[in-house]
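Geometric and topological summary
Listed here are the chains, written in short residue letters.
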Amino acid sequence: MGEPQGSMRILVTGGSGLVGRAIQKVVADGARLPGEDWVFVSSKDADLTDAAQTRALFEKVRPTHVIHLAAMVGGLFRNIKYNLDFWRKNIHINDNVLHSAFEVGAQKVVSCLSTCIFPDKTSYPIDETMIHNGPPHSSNFGYSYAKRMIDVQNRAYFQQHGCTFTAVIPTNVFGPHDNFSIEDGHVLPGLIHKVHLAKSRSSALTVWGTGRPRRQFIYSLVGAARGTAVPQNVSWSCRAGCGEDLARLFIWVLREYNEVEPIILSVGEEDEVSIQEVAEAVVEAMDFHGEVTFDTTKSDGQFKKTASNGKLRAYLPDFRFTPFKQAVQETCAWFTDNYEQARK
Ligand code: NAP
Ligand code: GDP
């Protein structure tokens, strides 16, 4: 953690995670503007479940802006096991971070919700107005209600104090520096790790569940092999280079999105894929020729949570996402190249 100096001081909690590392890379690669100081922190800098440690961190950094990513995070099977821990840890982290940001006078906080907090029984596509319209899927109710409360708290800070505390709602995220733990992680990093092991052991790949559930995925980074054509008359995130995808969208929200209401950060509804298609993309990217089986004794989780990116498109109509298969290939290559140090 470096000492901040500039006029805009951005504190990123969860800076060592999948999304935090992607934002760090985009900032280091040229997104940083003159006068901006970016401070990325992890649990080593402060345990944000602890109010005193959180307060001390905010008093030391005195951020003008906050991107709040830190959370207890996990895939379907970790959520099923630890609903209580997801609820308690995330409620504490979120209240400590939001209130410390308020107390040190931060102008803006961008927190992170997720499309998996949406109601299970719903019409599709789901949009930003529907977050609280019914219970979330039972598999992850602890995480979901804790995340939903960020939106409640943001509205309350605005109502009582006029604060611009807002939130983004990404779909399933993946990319380099993900958590590739098979038991605890999300489906894409889990399948990449499983294919890696199946190849080295000449064994089958077992996909959990039926493979029928559907998900929208967003790449954490900018596609490395992307062309650099720069569309005119579009917002900063596209002008800055070939940049799209989650890290750049976060920076766009920080600088240019001024609503308290959250915004969904997602590829289009037409880009939703089945878990079977996800497994096929990983198999192809890793050149795996073994048997693929489905363990239908394992949970499918929420069948789908198809989200509308209509609001994002109204702001950024020309926005281009990295094609799914390209992003999967880059993530598989990153995992293979960084196997020893990858989180798993
Ligand atoms: P991640 O890779 O698991 O990283 C979690 C981050 O939170 C790490 O930097 C971790 O620090 C930090 N953290 C956890 N507990 C903490 C504590 N008690 N005190 C301080 N820091 C703590 O997570 P991610 O996938 O980047 O997720 C970032 C945000 O996006 C989260 O809010 C998550 O809910 C949201 N999100 C994720 C997805 C997804 O598919 N991954 C989808 C939608 C939304 P250490 O490295 O020190 O442990
Ligand atoms: P979710 O999107 O919040 O439900 O969480 P995940 O990213 O964990 O995705 C869960 C979906 O992928 C469910 O339909 C699982 O049955 C399916 N799935 C298939 N194989 C795996 C795997 O190896 N790990 C995980 N986490 N999910 C898997």
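Residues numbered from 1 in each chain as written. Chains lettered and ligands numbered in written order. Predicted model: local features only at pLDDT ≥ 70, side-chain atom pairs only at ≥ 80, totals over all residues. Heavy atoms only, no water.

1. So, the site of ligand 2
- The environment of ligand 2 is made up of 18 residues, and the closest members are Leu 76, Lys 194, Arg 215, Ser 299 and Asp 300.
- In the model, an oxygen atom of ligand 2 is placed 2.9 Å from a nitrogen or oxygen of the Asn 172 side chain.
- Contact between ligand 2 and Lys 194: an oxygen atom at 2.7 Å from a side-chain N or O atom of the residue.
- For ligand 2, whose accessible area on its own is 540 Å², the fraction buried by protein is 97%.
- Those elements giving two or more residues to the shell around ligand 2 turn out to be helix 3 (76–81), helix 6 (187–201) and strand 7 (205–208).
- By residue number, the principal contributor to the shell around ligand 2 is helix 6, which donates three residues.
- Of the residues belonging to the shell around ligand 2, the class tally is eight nonpolar, six polar and four charged. (Near = heavy atom within 4 Å. Polar contact = N/O pair within 3.5 Å; in protein donor to acceptor, adjacent residues only side chain to side chain. Areas by Shrake-Rupley, 256 points an atom, 1.4 Å probe, with all protein chains shown as cover. Helix = DSSP H or I, 4+ residues; strand = E, 2+ residues; numbered from the N terminus. Nonpolar A, V, L, I, M, F, W, Y, C, P; charged D, E, K, R; others polar.)

2. Re unusual backbone geometry
- Along the chain, Tyr 124 connects to Pro 125 via a cis peptide bond; the corresponding omega equals -5°.
- Here Pro 125 is to be found in the loop between strand 4 (108–112) and helix 5 (141–161).
- At Arg 62, a residue that is not glycine, the phi angle is positive and equals roughly 45°.
- Along the chain, the position of Arg 62 falls in the loop between helix 2 (51–61) and strand 3 (65–68).
- Judged by its relative accessible area of 41%, Arg 62 falls in the partly exposed class.
- The backbone phi angle of Asp 287 is positive, close to 55°, even though this residue is not glycine.
- Position of Asp 287 relative to the elements: it lies in the loop between helix 9 (275–285) and strand 12 (292–295). (Buried < 20%, exposed > 50% of the residue type's maximum accessible area, 1.4 Å probe, protein only.)

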